Amino acid sequence: MDRSRYDNQSDQWRKRRGAQRRRARLLASIPKRLVFVTLAAMAAFATQFVVQRSEGTPGLSVSHWIGGSPAPITGVASVIDGDTIEVHGQRIRFNGIDAPETAQQCEDAKGARYHCGANAAAALDGFLAASSPVHCEFVAWDRYKRFVGDCRRADGVSVAAWMVEHGQALDWPRYSHGAYAVQQAKAEAAKVGLWVGTFQAPWDWRAGHADSSKPSSQPLGIMSRRLLAQSGYSCEPRRTCPQIGSCEEANWYLQNCSWGGKLDRDKDGIPCESLC
């Protein structure tokens, strides 16, 4: 081999080795703690971004980042509250609406307080029982690990739309983008359900009652049926004013049955005025 070519190759090899040693010394001079803190900060930022996007956007949840959506759920529902049911052990939150919380109270046309959250749950229970099973399409997971979905009865009627149109829940623009605004306008104009008197929007009520607003652990549909038996009244079969024996009974139907509003024809909050 030519001597000059050998010397050139040796010089190039030494330069490469020198560059590698300098890079190694540079990396070694960076404190390991600094590297760890940088990586941890990057991971925290990524996690915060995913969570904020998941909670702030109804159609986007962690499941969209890490896997596919679950299959639709069909079955007989147990009512948890006015906007949540349970089917086959899975909690399902109706997408785009918000019903009064279990402990929430509202005021009727006369200013008397009543349990509007319990009324909403009872109305939902009667509505679902009339056409079973319910079918729910997945939308997202919420922070309580509930399946958020669009649900319909066996006859195809939208559960969320019915609840809003009958004044038992509100359109929640943050998530519905006004999907149920028409139904809400009808309920307000007819003064049915919550619109008979005054109430606080459920999302505002929860903000001031953080300890009372966690999802219930027991289906209210089952509990409400026990209470019906104890009271001696029942929402089935439907009754008209001539079939009702007292003002107390009429008020019970008004507050607990999905058809109770028909007993208050002039929408003044007083049912069967011949009795009351």
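This structure is a prediction, so every number in the text was calculated from the model and none was measured.

Asks: Whenever I open this one, the overall build of the chain confuses me. Can you help?
Replies: Across its full length, the chain carries 10 helices and 10 strands. Among the 276 residues that make up the chain, the fraction classed as buried is 38%. Long-range pairs, those at least 24 residues apart, make up 55% of the contacts in the chain between residues at least 6 apart in sequence. Working note: accessible area of the chain is about 16200 Å², and carbon and sulfur atoms make up 54% of it.

Asks: Would you mind showing me how to read the environment of Cys116 here?
Replies: Mapping Cys116 onto the fold places it in helix H4 (residues 116-129). Using a relative accessible area of 1% as the deciding quantity, one classes Cys116 as buried. Those residues in contact with Cys116, other than ones at most four positions away along the chain, are Pro100, Gln104, Gln105, Cys106 and Leu194.

Asks: Teacher, can you tell me more about the packing of aromatic side chains here?
Replies: The geometry of an aromatic ring pair comes down to the distance between the two centres and the angle between the two planes. Taken as a whole, this structure holds 7 aromatic pairs when the rule is applied. Measuring from centroid to centroid gives 4.9 Å for Trp195 and Phe199, while their planes differ by 85°, and the two rings are edge-to-face. Here the aromatic residues Phe138, Trp141 and Phe147 are joined through ring pairs into a cluster of three or more.

Asks: Would you take a moment to explain H4 for this structure?
Replies: Between its first and last C-alpha atoms H4 spans 20 Å; for 14 residues at 1.5 Å apiece the expected length is 20 Å, and the two agree. Burial runs high along H4: 11 of the 14 residues are buried. Among all positions in H4, only Cys116, Gly117, Asn119, Ala120, Ala121, Ala122, Ala123, Leu124, Asp125, Phe127 and Leu128 are buried.

Asks: Just checking my understanding: could you explain the state of the cysteines for this structure?
Replies: Between two cysteines, a covalent bond joining their sulfur atoms is known as a disulfide. If you walk through the whole model with that rule in mind, you get 4 disulfides. Cys241 shares a disulfide with Cys272; S-S distance 2.1 Å. In this structure, the disulfide formed by Cys241 and Cys272 twists by about -90° around the S-S bond and is classed as left-handed. Within this pair, whereas Cys241 is found in the loop between helix H9 (220-231) and helix H10 (247-256), its partner Cys272 is found in the segment after H10, the two being separated by 31 residues in sequence. Between the sulfur atoms of Cys247 and its disulfide mate Cys276 the distance is 2.1 Å. Taking the sign of the torsion about the S-S bond as the criterion, the disulfide between Cys247 and Cys276, at about 115°, is right-handed. Taken together, the residues span a long stretch of sequence, with Cys247 in helix H10 and Cys276 in the segment after H10 at a distance of 29 residues.

Asks: Please explain helix H7 (residues 181-190) as it appears in this structure.
Replies: Count 3.6 residues to each turn of an α-helix, and residues three or four apart come out pointing the same way. By the burial criterion, the buried members of H7 are Gln183, Gln184 and Ala187. The arc enclosing the buried residues of H7, seen along the axis, measures out at 100°, which places them on a common side. The exposed residues of H7 that point more than 90 degrees off its buried face are Val182 and Ala189. Residues of H7 that are buried make contact with helix H5 (159-165) and strand S10 (170-171). Once H7 finishes, Lys191 follows within two positions and takes phi at roughly 55°, a positive value.

Asks: Teacher, can you tell me more about the pairing of strand S2 (residues 78-81) here?
Replies: Every regular strand shows the same layout, with side chains that alternate between the two sheet faces. With 3 bridges joining them, S2 and strand S3 (residues 84-87) adopt antiparallel strand pairing. Looking at S3, one finds that Ser78 is bridged to Glu86. Connecting S2 to the next strand, S3, in antiparallel fashion are 2 residues.

Asks: What exactly am I supposed to notice about the sheet that holds S2 here?
Replies: In a beta sheet, neighbouring strands pair by backbone hydrogen bonds and run either parallel or antiparallel. Spatial strand order, S1-S8-S9-S4-S3-S2: 6 strands in an open sheet with mixed pairing. One side of each edge strand has no neighbouring strand; the edge strands of this open sheet are strand S1 (73-75) and S2. The average angle at which neighbouring strand axes cross in this sheet is 40°, direction not considered. When S1 meets strand S8 (residues 134-141), the two strands line up antiparallel, connected through 3 bridges. Bridging across to S8, Thr74 finds its partner in His135. Here H4 sits on the sheet and contacts S2, S3, strand S4 (90-94) and S8; the angle it forms with S2, its principal contact strand, is near 160°.

Asks: Help me out: how do you make sense of the nonpolar core in this one?
Replies: Generally speaking, nonpolar side chains in soluble globular proteins are found buried as a group. With 28 residues, the main nonpolar core has Ile85, Leu128, Val134 and Val159 as its most contacted residues. Where this core is concerned, the elements lending two or more residues are S3, S4, H4, S8, strand S9 (147-152) and H5. Apart from residues no more than four positions distant in its own chain, Val159 is found in contact with Phe94, Leu124, Phe127, Leu128, Val134, Cys151, Arg152 and Arg153.

Asks: Got a minute to help me understand the pairing of S9 in this structure?
Replies: Bridge count between S4 and S9: 3 bridges; the pairing is parallel. Pairing of Ile92 across the sheet is with Phe147, part of S9. Pairing between S8 and S9: 6 bridges, direction antiparallel. Residue pairing across strands places Ala140 opposite Val148, the latter belonging to S9. Hairpin connection of S8 to S9: 5 residues between the antiparallel strands, including Lys145 at a positive phi of 65°.

Calculation notes
- Each chain carries its own residue numbering, running from 1 in the direction its sequence is written.
- Owing to the predicted nature of the model, reporting of local features is limited to residues with pLDDT of at least 70; listing and counting of side-chain atom pairs is limited to 80 or more, with chain, interface and lining totals taken over all residues.
- As a rule here, side-chain values cover all heavy atoms of the structure and leave hydrogens and water aside.
- Strands are runs of DSSP state E lasting at least two residues, helices are runs of H or I lasting at least four, and both sets are numbered from the N terminus onward.
- Per-residue accessibility, obtained with a 1.4 Å probe over protein chains only, is compared with the maximum for each type, and a residue is labelled buried under 20%, exposed over 50%, and partly exposed between these values.
- Only heavy atoms enter the contact rule, under which two residues are in contact if any of them lie within 4.5 Å.
- Here the Shrake-Rupley method, with its probe set to 1.4 Å, supplies the accessible areas, and only the displayed protein chains count as covering residues.
- Put simply, two rings from Phe, Tyr or Trp (the six-membered ring, in Trp's case) pair if the centres are within 6.5 Å, and we call them stacked under 30 degrees between planes, edge-to-face over 60, tilted for the rest.
- Helices are assigned an expected span. That span is 1.5 Å times one less than the residue count.
- Here, two cysteine sulfur atoms that lie within 2.5 Å of each other are counted as a disulfide.
- This arc is built from the directions going out from the helix axis to the C-beta atoms.
- Strands qualify as paired when DSSP identifies two bridges or more between them.
- A fitted line through C-alpha atoms represents every axis, and for helices the fit uses only the stretch in contact; the resulting angles, taken between N-to-C directions, go from 0 to 180 degrees.
- Nine residue types can take part in a nonpolar core, namely buried Ala, Val, Leu, Ile, Met, Phe, Trp, Tyr and Cys, and a core is a set of them joined through side-chain atoms within 4.5 Å.

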